[in-house]
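So you can see what is in the structure, the chains are spelled out below.
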Amino acid sequence: MSKDLLMEIGTEEIPAHFMPAILQQLKEKAEEKFTELHIDFSETKTYGTPRRLALLIKDLAKKQSDISTEHKGPSVKIAFDNDNNPTKAAIGFARGKNIDVNELTVRDGYIYAVVHEHGSRTIDLLSEILPQLIEGLNFPKNMRWGTLDFRFVRPIRWIVALFDSEVIPFTTANVHSGNKTRGHRFLSDGEHIIENASDYKKTMKKLFIIVDQNKRRDMIKEQINRLAAENNGHAQITEDLLEEVTYLVEYPTALCGKFEEKYLNLPKEAVITPMREHQRYFPVTDAAGKLLPLFITIRNGGDNALATVQHGNERVLRARLADAQFFFDEDRKKKLVDYLDKLKTVVFQEGLGSVYDKALRLQKLTAYLADACKTAPSVKKSAERAALLAKADLVTGMVCEFTELQGIMGREYALLDNEGDEVAKAIDEHYMPRFAGDKLPSTVSGQLVSLADKIDTIAATFSRGLIPTGSQDPFALRRQALGIVNTIINAKMNISLNSFIKESLNLLSIDEDKQKDLSANIINFIKLRLKNVLAEANIRYDIVDSVLNNINDIYAVYKKALSLDNKLTSADLTGIVQSFVRVSNIAKQDVLNIDESLFTCPEETTLYQNYSKVKDAVRLSGDDYDAVIDKLALLSAPIDRFFDAVMVMDKDEKIKNNRLALLKNIDNLIKATADFSKIVL
């Protein structure tokens, strides 16, 4: 027999962006707890609104499962004397397991105690389990209230705890559990009784609470799309805003508002940003993607006095758009390039000058990178100009008021100043990717400026000793490094990371004696991000480890990993890997000069000749690493014959060193592609 369990934690309004993680955490902790206690259940659900967290467990067993466990004790020789009577050791072991000594069993020369534990009634355990679940939740930020030494995401106002219809009594934060909940703040008054746990969703709907967040999300999306279609438009729904709005309301009702068409003359993002980021409104476009003077928002309530609510929302947005228009008009009194001087008043980082100084470094670093990539002169010129102007919009009125528009307004102002499409787009793209999953720069100029900006920020921050540790990354350097790795791979750039970092450190005027350690730290930092990128590409961990011995050319490392993963997945390379590992194990000494006259065995000569051919073939294969691996595989058989016939550690020092030199050269050739000793067969 089983029953349904309901626990609802009523609170003050919880921040919307906390909710998904909290609900997932509550679900996992509950499942873990009941599994640990051997209490069976069929399904666990968590529900959440701004004012409540709810746990609903279906078909929870009325009692714990009975458990039998076997415990191994001392050997028979120790447990029994010569007359086969139990010794103190056996008696003590039995007492410790709460069984009679006569219940011990003998097997394999040892005694065993089989302990049978009868499960307790679930109802007797829930008064301890449920408060433990509440107190065990972790939050990004906690609150304390009153005189309580209790922390929670927001103050707890009521708790519902039901096992079917039976109340589970306990007290948390001075709040006593019961069967009374609260409905919508404005559409429902006072407390209301939940008769049975299985009635939860139905009861809450009567109280104007759509407690299932997935149901609310679907309702919101359907209402938005319907309203947009009724107004001959298409709603621009982003998943992050949809999720946030879902956890801002308990009973969603969509409404459509309007704003003056004159604001459509502003750049599209200057209108969308106040809507989406500040007011949580959904923009509406026509079939061609052109912005319409409409917005859709979600009211937390029914359709009563909807026109009044619409008017209020329109008035708020009108004020925001009027601000945007004012700042835009003020900004356009000067050209974008004229804002460069004002960057001298903005500190980049302590001891590292102003943002203007950074802009000059970006211009030089972009030029260096353009030359390294053999970029066309016209593209290099555009990239340099974009690098100089990239930060200029930071001191414009629009970006100071709407910080989310950095780069975007730079792009728009550059277009209005006739700087050219390439320059304008690069100014916007140099911030990409702005967040996890964001798109990468698509133009060459944008890629160059983006890489220059990110490596300058990382190098500058590292030079101040502010290296991210644990979860602390105030300058978002991990995101910057990931951006570097993904941009290089996406752009298929073959650049020297070591030289790139050195150039950046030189432009920061870092002392030569400090550069070596700084460069090594930056390389290792970027290596970890590259490792993550390769892992996300579903490349085996051992293959990832095998190609990370040198990440100077990030794109080459990426291609090596893909080729090696493909080869090891599609063919049996066990013998080849073993051959290469044999070479690696013995080629430890850094001896490189080979003297053919010192060869005494034909297997030495054969191996050297094959090495010479493969070395040339590998060089001709370039960055076709499928072909490179195929060429290297040709060394496997000669290597095996060499080891079968030749004693490497010959008594003659010259012969020994010559053989070690041959193996070392082969090992270097192989490891230029991968360290096969890291491969797990």
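Residues numbered from 1 in each chain as written. Predicted model: local features only at pLDDT ≥ 70, side-chain atom pairs only at ≥ 80, totals over all residues. Heavy atoms only, no water.

## Notes on the sheet that holds strand S4 (residues 67-75)
Across the sheet, three strands lie side by side as S4-S6-S5; this open sheet has antiparallel pairing. The open sheet has two edge strands with one neighbour each: S4 and strand S5 (105-107). Neighbour-to-neighbour, the strand axes of the sheet open up by a mean angle of 35 degrees, direction not taken into account. Pairing of S5 with strand S6 (residues 110-117) involves three bridges; the strand directions are antiparallel. (Pairing = 2+ DSSP bridges. Helix = DSSP H or I, 4+ residues; strand = E, 2+ residues; numbered from the N terminus. Axes fitted to C-alpha atoms, helices over the stretch in contact; angles between N-to-C directions.)

## Observations concerning the packing of aromatic side chains
Within this structure, the stated rule accounts for 12 aromatic pairs. Between tryptophan 145 and phenylalanine 150, the aromatic rings sit 5.9 Å apart at their centres with planes inclined by 85 degrees, giving edge-to-face as the arrangement. Summarising the burial analysis for this pair, tryptophan 145 and phenylalanine 150 share the class buried. Relative to tyrosine 611, the ring of tyrosine 608 lies with its centre 6.4 Å away and its plane at 45 degrees, an arrangement referred to as tilted. With tyrosine 608 and tyrosine 611 both in helix H22 (residues 602-621) and three residues apart, this pair spans about one turn of that helix. The burial state of tyrosine 608 is the same as that of tyrosine 611; both residues are buried. (Phe/Tyr/Trp six-rings, centres within 6.5 Å; stacked < 30°, edge-to-face > 60°. Buried < 20%, exposed > 50% of the residue type's maximum accessible area, 1.4 Å probe, protein only.)

## Description of the pattern of salt bridges
A full pass over the atoms with the stated rule returns 47 salt bridges. In this structure, glutamate 31 engages lysine 27 in a salt bridge whose closest nitrogen and oxygen atoms are separated by 3.0 Å. In this pair, glutamate 31 and lysine 27 both sit in helix H1 (residues 19-36), four residues apart, roughly one turn of the helix. Given the relative accessible area of 25%, glutamate 31 is considered partly exposed. Of the charged contacts in the structure, one is a salt bridge between arginine 385 and glutamate 419, with a shortest N-O distance of 3.0 Å. A residue pair is termed long-range when its members are at least 10 positions apart, and arginine 385 in helix H11 (residues 377-389) and glutamate 419 in the loop between helix H13 (408-416) and helix H14 (421-429) qualify at 34 residues. (Salt bridge = Lys/Arg side-chain N within 4 Å of Asp/Glu carboxyl O.)

## Concerning the packing of helix H10 (residues 355-372) against helix H17 (residues 497-507)
As a packed pair, H10 and H17 sit with axes 10 Å apart at the nearest point and diverge in direction by 155 degrees. Our classification of the angle between H10 and H17 gives roughly antiparallel. Relative to H17, the crossing made by H10 is right-handed. On the side of H10, the interface is formed by Arg361, Lys364, Leu365, Tyr368 and Leu369, while H17 contributes Ser499, Phe500, Glu503, Ser504 and Leu507. Split by residue class, the contact of H10 with H17 holds five nonpolar, two polar and three charged. (Parallel < 35°, antiparallel > 145°, perpendicular 65-115°, else oblique. Left-handed = near helix turned anticlockwise from the far one by under 90°. Contact = heavy atoms within 4.5 Å. Nonpolar A, V, L, I, M, F, W, Y, C, P; charged D, E, K, R; others polar.)

## Thoughts on the sheet that holds strand S14 (residues 252-258)
Pairing in this open sheet of four strands is antiparallel, and the strands run S13-S15-S16-S14 from one edge to the other. Strands at the two margins of the open sheet, each flanked by one partner only, are strand S13 (234-235) and S14. Bridge analysis of strand S15 (residues 282-285) against strand S16 (residues 291-300) gives three bridges, and the strand direction is antiparallel. Within the sheet, the bridge partner assigned to phenylalanine 282 lies in S16 and is isoleucine 296. Helix H9 (residues 306-331) rests against S14 and S16 of the sheet, and its axis sits at about 55 degrees to S14.

All we've got here are geometric facts, nothing functional implied.
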